[in-house]
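These are the residues of each chain, in order.
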Amino acid sequence: MRKSKFVKLKLREAGFISRALLSTRHPVLAHLIPMRRCNLACGYCNEYDHTSSPVPLDVMKRRIDKLGALGTSIVTIAGGEPMMHPQLDDIIHQIRLRGMIAGLISNGYYFTPERIKRLNKAGLEYLQISIDNVEPDEVSRKSLRVLDKKLRYLSEYADFHVNINSVIGGGIKNPEDALSVARRAVELKFSTTVGVIHDGDGTLKPLSPKEKDIFQQVKKMGNKDHARLNWFQDSIAEGKPYNWRCRAGARYLYICEDGLVHWCSQQKGYPGIPLQDYSMTDFDREYKTEKWCAPTCTLQCVHQVGILDNWRDPQQVPGLTKPESSLKDTIHEVLSAD
Ligand code: SF4
Ligand code: SF4
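The present account deals with the structure reproduced in this document. Quick caveat, the model's predicted, so the values are computed rather than measured.

Concerning unusual backbone geometry
For step 1, the next point in the chain: Note the cis peptide between Gly 79 and Gly 80, where omega equals 15 degrees.
For step 2, the next point in the chain: Relative to the elements of secondary structure, Gly 80 occurs in the loop between β2 (74–77) and α3 (88–97).
For step 3, the next point in the chain: Going from Tyr 270 to Pro 271, the amide bond is cis rather than trans, its omega being -10 degrees.
For step 4, the next point in the chain: Relative to the helices and strands, Pro 271 resides in strand β9 (residues 267–274).
For step 5, the next point in the chain: Unusually for a residue other than glycine, Lys 189 sits at a positive phi of about 70 degrees.
For step 6, the next point in the chain: Take Lys 189: it is sitting in the loop between α6 (177–187) and β6 (191–196).
For step 7, the next point in the chain: The exposed category is assigned to Lys 189, whose relative accessible area is 76%.
For step 8, the next point in the chain: Of note in this structure, Asp 313 is not a glycine but carries a positive phi near 55 degrees.
For step 9, the next point in the chain: Relative to the assigned elements, Asp 313 resides in the loop between α11 (300–307) and α12 (327–335).

Things to note about the packing of aromatic side chains
For step 1, the next point in the chain: In the structure shown here, the tally under the stated rule is 2 aromatic pairs.
For step 2, the next point in the chain: On the numbers, 6.4 Å between centres and 10 degrees between planes, the contact of Phe 283 with Tyr 287 is stacked. Residue Phe 283 and its partner Tyr 287 are located together in helix α10 (residues 280–288), separated by 4 residues, close to a single helical turn. There is no split in this pair, since Phe 283 and Tyr 287 are both buried.

Digging into the pattern of salt bridges
For step 1, the next point in the chain: Overall, the coordinates contain 20 salt bridges when judged by the stated rule.
For step 2, the next point in the chain: Between Asp 89 and Arg 115 there is a salt bridge, with the nearest N and O atoms lying 3.0 Å from each other. Here Arg 115 lies in helix α4 (residues 113–122) and Asp 89 lies in helix α3, a separation of 26 residues in the sequence. Considered together, Asp 89 and Arg 115 belong to a single accessibility category, that of buried residues.
For step 3, the next point in the chain: For the salt bridge of Asp 309 with Arg 251, the shortest nitrogen-to-oxygen distance reads 2.8 Å. One end of the pair, Asp 309, is in the loop between α11 and α12; the other, Arg 251, is in the loop between α9 (232–237) and β7 (252–255), with 58 residues separating them in the sequence. A single burial state applies to Asp 309 and to Arg 251, both of which are buried.
For step 4, the next point in the chain: One continuous salt-bridge network, built from bridges that share partners, spans Asp 89, Glu 114, Arg 115 and Arg 118.

Thoughts on the side chain of Glu 13
For step 1, the next point in the chain: You can see Glu 13 is positioned in helix α1 (residues 3–22).
For step 2, the next point in the chain: Excluding its chain neighbours within four sequence positions, the residues that come into contact with Glu 13 are Ile 101 and Tyr 126.

Some words on the site of ligand 1
For step 1, the next point in the chain: Close to ligand 1 lie Cys 38, Leu 40, Ala 41, Cys 42, Tyr 44, Cys 45, Tyr 48, Gly 80, Asn 107 and Lys 142, which account for all nearby residues.
For step 2, the next point in the chain: When its residues are assigned to classes, the shell around ligand 1 shows 7 nonpolar, 2 polar and 1 charged.

Re the environment of Lys 268
For step 1, the next point in the chain: Within the secondary structure, Lys 268 is located in strand β9.
For step 2, the next point in the chain: Assessed through its relative accessible area of 35%, Lys 268 is described here as partly exposed.
For step 3, the next point in the chain: Other than its neighbours up to four places away in sequence, Lys 268 contacts Arg 36, Asn 46, Tyr 254 and His 262.
For step 4, the next point in the chain: A distance of 3.3 Å separates the side chain of Lys 268 from the backbone oxygen of Ser 265, its partner in a polar contact.

A closer look at the sheet that holds β2
For step 1, the next point in the chain: Read across the sheet, 9 strands follow the order β6-β5-β4-β3-β2-β1-β7-β8-β9 without closing on themselves; strand pairing throughout is mixed. Here the strands that pair on one side only, and so sit at the sheet edges, are β6 and β9. Across the sheet, the mean angle separating the axes of adjacent strands is 25 degrees when strand polarity is ignored.
For step 2, the next point in the chain: Examined bridge by bridge, strand β3 (residues 101–106) and strand β4 (residues 126–131) share 4 bridges and lie parallel to one another. Bridge pairing links Leu 104 to Leu 127 in β4.

A look at the pairing of β6
For step 1, the next point in the chain: Counting buried positions along β6 gives 6 out of 6 residues, so the element sits mostly inside the fold.
For step 2, the next point in the chain: The two faces of β6 match: Ser 191, Thr 193 and Gly 195 on one face and Thr 192, Val 194 and Val 196 on the other face are all buried.
For step 3, the next point in the chain: The pairing of strand β5 (residues 161–168) with β6 spans 6 bridges and is classified as parallel. Bridge pairing in β6 places Ser 166 opposite Val 194.

The rules we used
- Throughout this description, residue numbers start from 1 for each chain and increase along the sequence as written.
- Written order determines the labels here, with chains lettered from A and ligands numbered from 1.
- Only residues with pLDDT of 70 or above have their local features reported here, since the model is predicted, and side-chain atom pairs are shown and tallied only from 80 upward, although totals for entire chains, interfaces and linings are computed over all residues.
- With hydrogens and water stripped out, all remaining heavy atoms of the structure feed into the side-chain values.
- Helix numbering and strand numbering both begin at the N terminus, where a helix is a DSSP run of H or I of at least 4 residues and a strand a DSSP run of E of at least 2.
- Throughout this description, buried means an accessible area under 20% of the type-specific maximum (1.4 Å probe, protein chains only), exposed means over 50%, and partly exposed covers the range between.
- Stacked, edge-to-face and tilted labels apply to pairs of Phe, Tyr and Trp rings (six-membered ring for Trp) whose centres lie within 6.5 Å, assigned for plane angles under 30 degrees, over 60, and everything in between, in that order.
- Here, a salt bridge means any Lys or Arg side-chain nitrogen found within 4 Å of an Asp or Glu carboxyl oxygen.
- The contact rule is simple, with two residues in contact once any of their heavy atoms fall within 4.5 Å.
- For each residue, the test is whether any non-hydrogen atom lies within 4 Å of the molecule or strand; if one does, the residue is near.
- Note on residue classes: Ala, Val, Leu, Ile, Met, Phe, Trp, Tyr, Cys and Pro are nonpolar, Asp, Glu, Lys and Arg are charged, and everything else, Gly too, is polar.
- Polar contact is the term for a pair of N or O atoms within 3.5 Å; when the atoms are in protein, one must be able to donate a hydrogen and the other to accept it, and sequence-neighboring residues count only if both atoms are side-chain atoms.
- Paired strands, as defined in this entry, are two strands with at least two bridges between them according to DSSP.
- Orientation is described by lines fitted to C-alpha atoms, with helices fitted over the stretch in contact, and by angles between N-to-C directions that extend from 0 to 180 degrees.

Below, the structure written as structure tokens:
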């Protein structure tokens, strides 16, 4: 990424953070799904299919316009594999036209020099690729050996920020692979983060002692800003619940391919309201709603958004979510699972 563009992006980010601290009444980050389809089938993933069609461009543009009207700061395109959408560049361009930061989460398989140059032109600002292991296996083919050539292309041609996320947990066989992935990311001058993979309902199984040790080593090599924001991960890695306020449905929105707003990828169905009908009444209700799944949640981006408001506006348990009396039982079930 060119230095001048990087500085501009950091200034815009600083502006969005100040705005988020001054006012609680707009979404900070939205994840938007343009297609559920994926070319891979990772063993721990519950967010893909192999058959669905791309959401038409005019529908995607209307959703982006609505996010702009709600005052959203950052829109990240996720999937499935969003690079399979034939009009991804137009979707990114529309996000930029509405003055929002444009991000993308991808498995990395479709990056060629030509494709990267088109993403530059569309105005992409952030890319995140998660790499799960060094050699492909039955759990994941998001592997350093397969993707290294794509990373070199990105290093040479991308005029957007690239973050490589390595992972621990979730059935990944060799935790030390996370160290190899992080080292390669640093070599290529990308930022790097480490995530703990969630299980089927977005919550966590405690890490083994070896996984915990590698997790700490990889964290030290990573992006210091992210490490500062992700202190929740230390509790989670120890298998301890973390006390925070999840603002999903308000400061963070997850918009599925059907255009419905959900808390997040792991809690679909709540509130399940079409984005086009989403109002500040819905926003306010979800902002104040305590999420039963928060203490063991591993979703980094939602935690980071939560930091902006963690110090204010306590939440309540509504009828919609799990009753408060079952919260302890839920945490116990998750932490004592194999
Ligand atoms: S690449 Fe991503 S969306 Fe596709 S199966 Fe793997 S984790 Fe799921
Ligand atoms: S705490 Fe929030 S982000 Fe995490 S699983 Fe629950 S609703 Fe989703």
